[in-house]
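Chains, contacts and geometry: an overview
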Amino acid sequence: MRFMMLVRSDAQTEEGAPPGKEIVEAMARYNDELIKAGVLLAAEGLHPSSKGALVSYSGGGATVTDGPFAEAKELIAGYWLIQVSSKDEAVQWATRIPFEEGAVELRQVFEAADFPPDVVSREIVAKEQGFRDEPLRNAPER
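Residues numbered from 1 in each chain as written. Predicted model: local features only at pLDDT ≥ 70, side-chain atom pairs only at ≥ 80, totals over all residues. Heavy atoms only, no water.

If you look the protein chain up in an unreviewed UniProt entry, it shows as YciI family protein from Kitasatospora herbaricolor. Listed in UniProt under the heading Sequence similarities (unreviewed entry), the comment for the protein chain reads: "Belongs to the YciI family." (UniProt positions renumbered as here; feature names shortened; annotations may be inferred.)

Take a look at the structure:
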């Protein structure tokens, strides 16, 4: 099963301030542990919300609001996507993140196979797996 470990934003990340050398090195060591364990699928930091946009939907239409957004503690500053055997294993990995302050939210990722066959066909399940198996092949050329 896949889990996202969502790193909550704070005032520093929302200001766009880069992390210090010590935390970058600690994070690199942590990422190396995830890689060696064979559980890391992706890990990325996100630019502050001031460089983003919020798309809201209502009445069949979409409204775009440029950042920044209020409530930094509710925003996401980065994430890891890991593949583990259980929620407990995901929690164990999250407790090892070298943070002194902050919060990480764990959320299991839905798989097409999690839905009943009358909702998601086997063809959709196979197509989704194909996208995960060969992400570079499916990426548009730039």
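From this point, the narrative continues.
Another point: the sheet that holds strand 2 (residues 40-45). If you walk across this open sheet you meet the four strands as 2-5-1-6, and the pairing is antiparallel. The open sheet is flanked by strand 2 and strand 6 (104-108), the only strands paired with a single partner. With strand direction ignored, the average angle separating the axes of adjacent strands in the sheet is 15°. With five bridges joining them, strand 1 (residues 2-8) and strand 6 adopt antiparallel strand pairing. For Phe3, the partnering residue across the bridge sits in strand 6 and is Gln108. Here helix 2 (residues 21-37) sits on the sheet and contacts strand 1, strand 2 and strand 5 (76-83); the angle it forms with strand 5, its principal contact strand, is near 25°. (Pairing = 2+ DSSP bridges. Helix = DSSP H or I, 4+ residues; strand = E, 2+ residues; numbered from the N terminus. Axes fitted to C-alpha atoms, helices over the stretch in contact; angles between N-to-C directions. Contact = heavy atoms within 4.5 Å.)

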